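# Inside the fold
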Amino acid sequence: MAAANKVNAFIAPIATSFTHPKTTTRLIDSNKSSQTSLYANTIHRDVLIIGSGLAGLSIAHHLASSSTTTKQQRHVTILEREHPSTQRQKTVAGSFAAAGMLAPQSERMAAGPLLDICLASRGMYGDWVKLVEDGARMACGGDGMGESARFLWEYGTDNNSDGNGSSRQQQQQLEPWEVGFHSTGGFLAPAFAGDAVATWSPQPHSGEAYWLDDVQIRELEPMLHPNVVGGWWFPEDASVDARRLTCSLRASCEGKGVHILSGKEYEVTSLEMSNGKCTGVHLSNGKIYSANAVVIANGSWMKNLLPVPIVPHKGQSFSLRMPPNAPPILNRVLFAQDTYIVPKADGRIIVGATVEPGRFDGDVTPE
């Protein structure tokens, strides 16, 4: 079971960025010893990214990739308060708990800029995932055994298991750097009489969508509940394993020269401001990192650094697994009124999720 701060994995990374001129004015104590101490603790970087979830890593990956194709060389450093090895065991990071649905249509989103950017993101996801997987594979030496392999989801587990009871056979022989991207079959939104799915209609120009009656929908998924009266089929919605994607992104980023600093000592406690612009960050270990650009991509924890109206939403879900050699009971994701069921490439079936506003904790609360 997973409990963490939720994210929508299909949304293109959005973060807050502050830039400043190369000439920086700092607030300096008039006391000479304090001034000397301040400079002694200050380290300069080009681009600082706070947070190594899917948003922060995606931005770092893009900047590092662009540096190889443009004349502007960017050196990127990521600051992360959790260590990657601990996140494989327990974390409050949404990137490790998200069901990984790339589903703006199944989410029944209202027309507007958010729907537009989600549709565009979904259309780019397949090509982007290929870039991430190729980058991770090369960073790991082509065989998953190189230095950057320590970031991969399967790193440090038994060769026959992913550490969560999943055998290599059940994982359908995914390579260590593969992210479980699934874009065939689409999503199915089963409808019960009078519920939100049955009374909803797709937005114009939002992609392919087909209403199926009770007979047609069971041709796609025979195991549906007898009370299902029909449903919407969205053939373009897709899914990804958010845990594997996050881990492969880290490996690919390192392979492209991104410097990843993780641990409690790299937690950002405040921003250093000058003339209304962010010129650096203060860390919990007392050091100051100055930078040419700062990107804040630490999710709901952004409100600890900026006066922004962000409210965390904790989501709890659980995973199931079919017995070995049993045929699959689902061929595609089911996204009903209040519940989703997501079959994964590694054999798990994710069922979720609660929505609990205002909570950060990673504890499970059975009810």
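Residues numbered from 1 in each chain as written. Predicted model: local features only at pLDDT ≥ 70, side-chain atom pairs only at ≥ 80, totals over all residues. Heavy atoms only, no water.

### Comments concerning the nonpolar core
Grouped together as the largest cluster of nonpolar side chains are 31 residues, with contacts concentrated most on Ile49, Ala60, Ile78, Leu245 and Val258. Taken together, the elements giving at least two residues each to this core come down to strand S3 (42-50), helix H2 (54-67), strand S4 (76-80), helix H4 (113-139), helix H6 (242-255) and strand S13 (288-296). Considering each element in turn, this core owes the most residues, 5 residues, to H2. Cys278, Val281, Tyr289 and Val294 belong to the second largest nonpolar core, which has 17 residues in total. (Core = buried A, V, L, I, M, F, W, Y, C linked by side-chain atoms within 4.5 Å. Buried < 20%, exposed > 50% of the residue type's maximum accessible area, 1.4 Å probe, protein only. Helix = DSSP H or I, 4+ residues; strand = E, 2+ residues; numbered from the N terminus.)

### Looking at the pairing of S4
Burial analysis of S4 places 5 of its 5 residues in the buried class, which makes it a mostly covered element. Across the two faces of S4 the burial is the same, with Val76, Ile78 and Glu80 and Thr77 and Leu79 all buried. In this sheet, S4 lies alongside S3 in parallel orientation, the contact comprising 4 bridges. From the neighbouring strand, Leu48 faces S4, where its bridge partner is Thr77. One ladder, built from 4 bridges, connects S4 with strand S10 (residues 259-262); its direction is parallel. Within S10, the residue paired with Glu80 across the bridge is Ser262. (Pairing = 2+ DSSP bridges.)

### Looking at the side chain of Glu221
On the secondary structure map, Glu221 appears in the loop between helix H5 (214-220) and strand S8 (228-234). Reaching out from Glu221, the side chain makes a polar contact with the side chain of Arg332 at a distance of 2.9 Å. (Polar contact = N/O pair within 3.5 Å; in protein donor to acceptor, adjacent residues only side chain to side chain.)

### Observations concerning the side chain of Gln105
By the secondary structure assignment, Gln105 is in the loop between strand S5 (101-102) and H4. Since its relative accessible area comes to 3%, Gln105 is described here as buried. Side chain to side chain, Gln105 and Arg122 meet in a polar contact 2.8 Å long. When near neighbours in sequence (up to four residues on either side) are disregarded, Gln105 contacts Leu119, Arg122, Trp200, Ser206, Gly207, Glu208, Ala209, Phe234, Glu236 and Asp237. (Contact = heavy atoms within 4.5 Å.)

Any functional reading would require information beyond the geometric quantities listed.
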